[in-house]
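The lines below spell out each chain.
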Amino acid sequence: MAAVLLALVCGTARAENTYPLNNDPQVREAFQHFYNLDYDGAMQRFQAVQREHPQDPMASGYVLMDTIFRELYRQDLLDTTYYAHEHFLSSGHKSDISEATRKQIDQLTDNAIAQADVRIKANGQDKDAYFARGYVRGMHAAWMTLADHSFTGAARQGLAARNDSEQVLKLDPNYADAKMAVGIQQFAVASLPRFVRMLVGIAGIGGNKEGGLKLLREAAANGTATKVESQTALSLFLRHDQRYSEAYAVAQGLAKQYPHDFLFRLEEANLMKDSGHGPEAINIYKAVLADAAKPGYFIDPRLQLAYFGLGETQRGQNDVLGAAESYLKASQQPNCSDWMRKRAQLNAGMMLDKLHRRDEAVKQYQLAAAAGGDQTQADAARKLIKSPYTGT
């Protein structure tokens, strides 16, 4: 479910095998802005589409998608390193999201589902209405997972998205966009222990990793609204199973297609890091940071993500001084979320301890343990205030 994170794009497909609005030139233009992480520019265009199609659930879905991803990006929650391993499920991280934003996302979701329901009630064979409802449900499932770790609600919403998409494929087996939600669910369910499936209320639901990957490849190759999203999910799942060369090939393709998308470029470095190619990863992180220094190359780059990843890689290469400097730079970025800032401060303190710069290390631990805001690093920081870090 966490993989329903990173993207949607308009590609090429037969018009009758995708939601008709996906082929609208204004929608295509909006997605191009979206994939340069120009969320505001995309929103202006998606809202214009919504004004022209006020009762269309897909038009509402576009606005929902942009609203969700813009907020997740602002929260530093679109770096897939966080989701490649299960530890994020129990991290205790709480996002600093305003009540107004939460209410807006819930209202957009409810409105879009209601619009699709009207069409389905009028015509139970309306494949586009089923797709739009599944699309919106899947988006909301991702939001609940990533923003709030609301796993039970997200699992049920994700299952509902899968059911809608399976209905689409019954009506039209060539509707490639619908294969994404089914593929994600099949892989995700197959990856969960049985007791976890029972805990989140989806016991008895089938899953198949290779079947899920096959569906994602088909959606990536032939989809329209879910083309890039399927590629990002495919890359994440392959990474999860340590199939790094396959994952890197997918990520590299996205970065080449969208060189001004900060996240796609960052993902190349992340995969190199995870696959154990530290020096190559360091070179890519530094290339991303160099491009970020060019005026207008990226829109609102979250440099803390690149500096943190660089610090992790330098740490793995036993470049303790370099890692300390990178973690400190991550913590100093003006648009850094409190959660990411405190993670960087804690790790900077560890590296400073390794360099025997104890006073500086304690200062970073104190910042990471400060009251207010995110508290997921506080306990570890307090322990290190008392006893210096001696690990790796």
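What comes next is a walk through the structure. (Residues numbered from 1 in each chain as written. Predicted model: local features only at pLDDT ≥ 70, side-chain atom pairs only at ≥ 80, totals over all residues. Heavy atoms only, no water.)

**As for unusual backbone geometry**
Next, step 1: Even without glycine at this site, Asp76 takes up a positive phi of about 60°.
Next, step 2: Looking at where Asp76 falls in the secondary structure, it is placed in the loop between α3 (57-74) and α4 (99-122).
Next, step 3: Its identity is not glycine, yet Asn318 carries a phi of approximately 65°, on the positive side.
Next, step 4: Considering the arrangement of structural elements, one finds Asn318 in the loop between α14 (303-316) and α15 (320-331).
Next, step 5: Judged by relative accessible area, which is 62%, Asn318 ranks as exposed. (Helix = DSSP H or I, 4+ residues; strand = E, 2+ residues; numbered from the N terminus. Buried < 20%, exposed > 50% of the residue type's maximum accessible area, 1.4 Å probe, protein only.)

**Examining the side chain of Arg133**
Next, step 1: You can see Arg133 is positioned in helix α5 (residues 127-148).
Next, step 2: Among the residues examined, Arg133 registers a relative accessible area of 14% and is labelled buried.

**Focus: the nonpolar core**
Next, step 1: Core analysis: the largest hydrophobic core is formed by 111 residues, its most contacted members being Phe46, Tyr62, Phe131 and Phe262.
Next, step 2: Residue contacts for Phe262: discarding those within four places in its chain leaves Leu37, Tyr73, Val288, Phe298, Pro301, Arg302, Leu303 and Ala306. (Core = buried A, V, L, I, M, F, W, Y, C linked by side-chain atoms within 4.5 Å. Contact = heavy atoms within 4.5 Å.)

**Let's talk about the pattern of salt bridges**
Next, step 1: Summed over the entire model, instances satisfying the criterion amount to 26 salt bridges.
Next, step 2: Across the salt bridge formed by Glu210 and Arg243, the nearest N and O atoms sit 2.8 Å from each other. With Glu210 in helix α9 (residues 209-222) and Arg243 in the loop between α10 (227-240) and α11 (244-257), the pair connects residues that are 33 residues apart, well separated along the chain.
Next, step 3: You can call Glu210 partly exposed: its relative accessible area is 47%.
Next, step 4: Accessibility expressed as a relative area gives 22% for Arg243, which makes it partly exposed.
Next, step 5: Asp274 is the partner of Lys273 in a salt bridge, and the nearest nitrogen-oxygen pair spans 2.9 Å.
Next, step 6: In this structure, a network of salt bridges that share partners links the residues Asp117, Arg133, Arg137 and Asp164. (Salt bridge = Lys/Arg side-chain N within 4 Å of Asp/Glu carboxyl O.)

**Structural notes on the packing of aromatic side chains**
Next, step 1: Per the counting criterion, the structure on display carries 17 aromatic pairs.
Next, step 2: Look at Phe187 and Phe237: their rings are 4.2 Å apart centre to centre, the planes differ by 10°, and that puts the pair in the stacked class. Taken together, the positions of Phe187 in helix α7 (residues 179-191) and Phe237 in helix α10 put the pair 50 residues apart, joining distant regions of the chain. By the burial criterion, Phe187 is buried, and Phe237 matches it. (Phe/Tyr/Trp six-rings, centres within 6.5 Å; stacked < 30°, edge-to-face > 60°.)

**Observations regarding α4**
Next, step 1: With 24 residues, α4 extends 35 Å from end C-alpha to end C-alpha; this agrees with the ideal 34 Å at 1.5 Å per step.
Next, step 2: Taken as a whole, α4 has its buried residues at Thr101, Arg102, Ile105, Leu108, Thr109, Ala112, Ile113, Gln115, Ala116 and Ile120.
Next, step 3: Summarising the contacts, the buried residues of α4 are in contact with α3, α5 and α6 (151-171). (Expected span 1.5 Å × (residues − 1).)

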